[in-house]
Amino acid sequence: MRAAVMRANKAPLELEEVRIDDPGPGEVLVRTAASGICHSDLHVIEGHLPVPPPCILGHEPAGVVEAVGPGVADFAPGDHVIGCITSWCGVCKFCTEGRPYLCPTQYTGRPGGSRPRLASPGGDPIGQFANLSSFAEKMLCPERSLVKIRDDMPLDRASLIGCGVTTGLGAALNTVHIPAGASAVIVGCGGVGLAAIQGARIVGASRIIAVDAQPWKFDLARKLGATDCIDATAGDPVAAVQALTGGGADFAFECIGLVPTVQQTLAMTGRGGTAVLVGVVPITELVPISAADLVLQEKKVTGSYMGSNRFRFDMPRYVDFYLDGRLLLDEMISSRIALEEVNEAFDRMRKGEAARQVIVFD
Ligand SMILES: NC(=O)c1ccc[n+]([C@@H]2O[C@H](COP(=O)([O-])OP(=O)(O)OC[C@H]3O[C@@H](n4cnc5c(N)ncnc54)[C@H](O)[C@@H]3O)[C@@H](O)[C@H]2O)c1
Ligand SMILES: [Zn+2]
Ligand SMILES: [Zn+2]
C-alpha cells in the first residue's frame, strides 16, 4: 500500500510503498477513506512531541473494515469506523473508573517482540503512530482503537471526529461543564478551537469569543457559533476579552499550544473562572504563571486530553450531532487533498492558511 512515511524530523514526509501485516487476534484491517490533518502530526514532524522515525503519522481517520482477526466480535467487514488514539486496556484504575482516555498502559493489542504491523518492502519495521497511522491507504488497528458508526455518515466528515472535533467539543462538553448562559473565550481557531466554539454553542454559552491571529477565520468562527471575534495581532487580545466580558470569561480554552497564548488565556479567565489548556505546548517548555492570581481570584486551570473522551460512547453521539444539524463539519473542511499533497498541507498549516484539511483516498 501507499503511505507517507516520516523518515526524519523536520523533513518532508516521503511517499513510499509499505507492507501491512494481516490482522492478528483482536485486530482489524481498515481501508482508510479519509484522514484529517491535525497540528499534533506537525508537532511530531517538528520534534516537539517525541516519536522516533521511521513512522507513519496520521491519527484522525475514518474508513471501512476490510478484514478482522481471530476473536474480533465488535466489527465485521463493511463496517464504517472512526479511529481514535486513546485505545484502552480495560483493567487499570483509569479505565475502570470511567476515564479510559487517561489509560497509561499504551495498549497496542500486539505483544512486544511480535512481527511489526508496518514494514518496508524489505521487512524493516516502520513505527505505527498511536495504533493508527492514517496517512496510508490501510490501517491495522487493535479493535479498541475503533468505533463503529452509522453508514449514512459521510466518511470525510467523520474523520474530523477522530481527533480535532472530539478534542475541542469534548473539552467543552466533558472536561468542564459550562452552565447555559456562561461566557467562553476560545484562543485559536484551528480544527480544535473551531470544535470548542461549537461545544460552547451546543451547551448554550451566551457570549462565545473567538481569538485568532488570522482574521480570515472569523467568518467561519461566526458561522460555527462565535458571537465576537478578536484579531490577536491588532492590539492586546487580553484587554479586548476583559472589556467584552466585564473582567474575564467564565471559561477560557487555549487551543494553540504556545507559552504566550497560555499566559494570555489565563489572563482572559475571569474571577472564579476556569482556564482549559488544550493546545500542546512543546514538552521542553515551561509556562510561568501567577499563583497569587489563581489564589486571590480563585481561578482554576485544567488540562484537557482528547476531549476527556469515552470514544465508543462519544463519537456515535457526535455523528448524531452532525446528522441532526447541531455540529457543523462541512464548513470546517477547508480542503480535500490527495495523500501526495500532504507536505503542502503541512506548509499551509504552518502559515495558518487552513481550517481543517482532509486527505481523501480513492
Ligand atoms: N489536548 C489534546 O488532546 C489535543 C488533541 C489534538 C490536538 N491538540 C493540540 O491542539 C492545538 C491546536 O491544534 P489544531 O489542529 O487546531 O491546530 P491548527 O494549526 O489548525 O490551529 C491553530 C490556530 O491557532 C492560530 N494561532 C497561531 N498562533 C496564534 C497566536 N499567537 N494568537 C492567536 N492565534 C494563533 C492559528 O492561526 C490557527 O488558527 C495543537 O497544539 C495540537 O497539538 C491537542
Ligand atoms: Zn490530533
Ligand atoms: Zn487502562
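Provided above is the structure to which this section pertains.
Cut-offs and rules
Throughout, a residue's number is its position along its own chain's written sequence, starting from 1. Labels are handed out in written order, letters beginning with A for the chains and numbers beginning with 1 for the ligands. For this predicted model, a pLDDT threshold of at least 70 governs which residues receive local features, and a threshold of 80 or more governs which side-chain atom pairs are given and counted, while totals over whole chains, interfaces and linings are taken from all residues. Only hydrogens and water are removed before side-chain values are computed, so all heavy atoms of the structure are retained for them. Each metal's donors comprise the N, O and S atoms found within 2.8 Å of it (within 3.2 Å for Na, K or Ca). Water is not part of the atom list, so some coordination spheres may appear incomplete. Donor angles set the geometry label: tetrahedral for four donors if every angle is between 85 and 135 degrees, square planar for four and octahedral for six if opposite donors exceed 155 degrees and the others are between 65 and 115, irregular for anything else. Here an axis means a line fitted to C-alpha atoms, over the contact stretch when the element is a helix, while the angle between two N-to-C directions is reported on a 0 to 180 degree scale. Helix and strand definitions follow DSSP, with helices as H or I runs of at least four residues and strands as E runs of at least two, each counted in order from the N terminus. Each angle receives one of four descriptions, namely roughly parallel if under 35 degrees, roughly antiparallel if over 145, roughly perpendicular if within 65 to 115, and oblique otherwise. Note on definitions: a residue-residue contact is assigned when non-hydrogen atoms from the two residues lie within 4.5 Å. Under the convention adopted here, Pro, Cys and the residues Ala, Val, Leu, Ile, Met, Phe, Trp and Tyr are nonpolar, Asp, Glu, Lys and Arg are charged, and Gly plus all remaining residues are polar. Exposed residues in this analysis have more than 50% of their type's maximum accessible area, buried residues have under 20%, and partly exposed residues fall in between, with area computed by a 1.4 Å probe over protein chains only. Charge assignment: positive for Lys and Arg, negative for Asp and Glu; neither His nor the chain ends contribute. We define a salt bridge as a contact between a side-chain nitrogen of Lys or Arg and a carboxyl oxygen of Asp or Glu at a distance within 4 Å. Polar contact criterion, stated in full: a pair of N or O atoms within 3.5 Å, where within protein one must be able to donate a hydrogen and the other to accept it, and residues adjacent in sequence count only if both atoms are side-chain atoms. Strand pairing is assigned whenever DSSP detects at least two bridges linking the two strands.

Peer 1: Please explain the coordination of the zinc ion (ligand 3) as it appears in this structure.
Peer 2: Geometry reference: four tetrahedral donors at a metal, ideal angle 109.5 degrees. Six octahedral donors, ideal angles 90 or 180 degrees. At 2.3 to 2.4 Å from the zinc ion (ligand 3) lie its protein donor atoms, namely Cys89 (SG), Cys92 (SG), Cys95 (SG) and Cys103 (SG). One can describe the donor arrangement at the zinc ion (ligand 3) as tetrahedral, given that its four donor atoms subtend angles of 105 to 116 degrees at the metal.

Peer 1: How should the packing of helix α4 (residues 164–175) against helix α10 (residues 311–323) be read in this particular structure?
Peer 2: Packed helices, taken two at a time, are described by their axes: the angle between them and the distance between them. One can describe the packing of α4 onto α10 by two numbers: an axis separation of 12 Å at closest approach and a directional angle of 100 degrees. Taken together, the axis directions place α4 and α10 in an arrangement best described as roughly perpendicular. Taken together, the residues of α10 that come into contact with α4 (itself represented by Thr166, Leu169, Gly170, Leu173 and Asn174) are Asp314, Met315, Arg317, Tyr318 and Phe321. Residues belonging to the contact of α4 with α10 are distributed by class as follows: five nonpolar, three polar and two charged.

Peer 1: Even after reading the chapter, I still don't get unusual backbone geometry, so can you show me in this structure?
Peer 2: A negative phi holds for most residues other than glycine; trans holds for most peptide bonds. Between proline 53 and proline 54 the backbone carries a cis peptide bond, its omega angle lying at -5 degrees. With respect to the element layout, proline 54 can be found in the loop between α1 (39–45) and β5 (55–56). If you check the backbone angles, glutamine 106 has positive phi at about 50 degrees while not being a glycine. With respect to the helices and strands, glutamine 106 occurs in the loop between α2 (93–96) and β8 (118–119).

Peer 1: I would appreciate a short explanation of the coordination of the zinc ion (ligand 2) in the present structure.
Peer 2: For the zinc ion (ligand 2), the protein coordination sphere consists of Cys38 (SG), His59 (NE2) and Cys163 (SG), at 2.0 to 2.3 Å. Read N to C, the donor residues that coordinate the zinc ion (ligand 2) are spaced as C-x20-H-x103-C. Of the two residues, cysteine 38 is situated in the loop between β4 (27–36) and α1 and cysteine 163 in the loop between α3 (155–161) and α4; the sequence distance between them amounts to 125 residues. Residue cysteine 38 shares its accessibility class with cysteine 163, and that shared class is buried.

Peer 1: Looking at this model, I keep getting lost on the side chain of lysine 217. Mind explaining?
Peer 2: Mapped onto the secondary structure, lysine 217 falls in the loop between β13 (207–212) and α6 (218–224). In this structure, lysine 217 is buried with no salt-bridge partner, the nearest side chain bearing the opposite charge being aspartate 212 at 4.7 Å. Here the side chain of lysine 217 touches alanine 354 through a polar contact of 2.9 Å, landing on its backbone oxygen. Residue contacts for lysine 217: discarding those within four places in its chain leaves Cys189, Gly190, Asp212, Gly352 and Ala354.

Peer 1: Teacher, can you tell me more about the sheet that holds strand β2 (residues 14–17) here?
Peer 2: The strands that make up a sheet pair up through hydrogen bonds in the backbone, lying either parallel or antiparallel. With mixed pairing, four strands are arranged side by side in an open sheet as β2-β1-β5-β9. Where the open sheet ends on each side, the last strands, each with one partner, are β2 and β9 (127–128). In the sheet, strand β1 (residues 2–6) pairs with β2 via four bridges, with the strands oriented antiparallel. Paired with alanine 3 across the strands is glutamate 16, a residue of β2.

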